[in-house]
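# Breakdown of the fold
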Amino acid sequence: MQTTHSAKIPEAGRVLIADDQQHILFALQMLLGGSGFSTEVVTHPSHVLAALESERFDAILIDLNYTRDTVGGAEGLELVSKIRSIDRLVPVLVMTAWSTVDLAVEAMQRGASDFVQKPWENRDLLKKLQQQVWQAREQRQRQRQREEELSDAREIQGRLLPKSLPQVPGYEVAAVNQPLRFVGGDYYNVVRMDDRHTAFCIADVAGKGLPAALLMSTLQAALQPLITQSLGPAELCQRLNRILCEVMPLGKFISFFYSVLDSAENRLTYCNAGHNPPLLIRDNGEASELGTEGAVLGQFPGWQYRQSELRLASGDRLLLFTDGIVENCNPTEQPFGDRSLIGIAQGSPTLSAEELLRVVMLAVTQHCGGHFQDDASLIVLKACDLETGAQS
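Criteria and thresholds
- Residue positions are given per chain, counted from 1 along the sequence in the order it is written.
- Reporting of local features is limited, given that this is a predicted model, to residues whose pLDDT is at least 70; pairs of side-chain atoms are given and counted only at 80 or more, and all residues count toward the totals for whole chains, interfaces and linings.
- Where side-chain values are given, they derive from all heavy atoms of the structure, hydrogens and water being excluded.
- Think of a nonpolar core as a cluster: buried Ala, Val, Leu, Ile, Met, Phe, Trp, Tyr and Cys residues, connected wherever their side-chain atoms sit within 4.5 Å.
- Each residue's exposure class comes from its accessible area (1.4 Å probe, protein chains only) as a fraction of the maximum for that residue type: buried when under 20%, exposed when over 50%, partly exposed otherwise.
- Every helix listed is a DSSP run of H or I at least four residues long, and every strand listed is a run of E at least two residues long, numbered separately from the N terminus.
- Under this scheme, a helix contributes an axis fitted over its contacting stretch, all axes are lines through C-alpha atoms, and angles between N-to-C directions fall in the 0 to 180 degree range.
- Put simply, angles under 35 degrees are roughly parallel, angles over 145 are roughly antiparallel, angles from 65 to 115 are roughly perpendicular, and the rest are oblique.
- By definition, turning the near helix anticlockwise from the far helix through less than a right angle yields a left-handed crossing, and turning it clockwise yields a right-handed one.
- Should any heavy atoms of two residues lie within 4.5 Å, those residues are considered in contact.
- On a scale of 0 to 100, pLDDT captures the predictor's confidence in every residue.
- Only Phe, Tyr and Trp rings are paired, with Trp represented by its six-membered ring, and only when their centres lie within 6.5 Å; those with planes under 30 degrees apart are stacked, over 60 edge-to-face, the remainder tilted.

### Some thoughts on the nonpolar core
Ranked by size, the top nonpolar core spans 51 residues in total, and within it Leu-240, Phe-256, Tyr-258 and Leu-297 carry the most contacts. In terms of residue count, the dominant contributor to this core is helix H6 (residues 209-228) (eight residues).

### Quick look at the packing of H6 against helix H7 (residues 233-247)
The geometry of H6 relative to H7 is characterised by a closest axis approach of 10 Å and an angle of 150° between their N-to-C directions. Between H6 and H7, the crossing angle belongs to the class labelled roughly antiparallel. Between H6 and H7 lies a crossing of right-handed hand. Together, Thr-218, Leu-219, Ala-222, Leu-223, Leu-226 and Ile-227 of H6 and Leu-236, Arg-239, Leu-240, Ile-243, Leu-244 and Val-247 of H7 make up the contact between the two elements.

### Description of the confidence of the model for the protein chain
Detailed reading of predicted coordinates is not advised where the pLDDT is low. For the protein chain, per-residue confidence averages 87 on the pLDDT scale, and residues scoring 70 or more make up 88% of the total. Low pLDDT, under 50, characterises residues 5-10; the stretch is placed with twelve contacts to residues that sit more than four places away or in other chains. Contacts of residues 388-392 to residues separated by more than four positions or lying in other chains number 15 contacts, the stretch itself having pLDDT below 50.

### Things to note about the packing of aromatic side chains
Scanning all chains against the criterion turns up four aromatic pairs. Grouped by ring-pair contacts, the aromatic residues Phe-300, Trp-303 and Tyr-305 constitute a single cluster.

Right under this line is the structure:
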């Protein structure tokens, strides 16, 4: 059975009532309707779930026993758990004529908002219901505000990352950023400095969520003008480090890798400030790391950074990544690891940069079952036929 009773003052809230006794349903409809609530009644737990799937209620008032001569409340307790899986915030008031402390405790543990014993006292029931509806509305309002703020933050942060990647003569470039939450602390950029020089950088802010995102925006703001000055990687890291040391909170830091590719001479000059060593996979399958040569940014203002360089040849691939890629764990706490990343690259020599990036991200996602534990970013740079620019 499912009926609806509309009150004259629906602003008080809409309540779903579940009980298998008609006189109880009638009494509750009369009581709540006279206090400004609109009500809908059902007589079976499955009808409660069906109603929740299709409609929105300000509160739910349910009996804990639906099978005649039962007193354990098993059906009602299971119903509470299922309601919570559908709606985390809707108030759930449970009612039973055979209340015990243990039953009340278990109902609350499963997500009930409050407990009312039959026979109820009208004033007490209405007070509890009104209070729960008011609290839930406040929670939903705060949740909406937070979601709007996070959405705005996500949009702003998205604009700090490159909308598109530049074309680099003789090379393919692909990149992806996947924040753990709405926003994250990973950063990457690819910037054409002039006709032959392109900057590649990737960074990882210690921490997650909004605090990490704020530090990431600080990094981006300080980095952009330095890139335009065409500084060498070591000099850029030194200047960036001094800037960040002035604003970095205690205990926070940023790992950072910065490189400049001279596509005319196929020379990559780089500096690693405490970041995961990028992986270089040569055309013949040989793998090596672009090692950590400097301290993380934001902790040691006087640190002197050094730079290194290497030559790239057709078919070489360079993978720049954050620890959200290689430290991502499966259910048995085994990380994806550098070896897996190297193995994929070695086993896929003919893939384009974009194809290799997709294969890696799919493998990482499958490894963790889709449950990432950290922000994850990846840049793939592939050298093509460096004389003609065609795919090797």
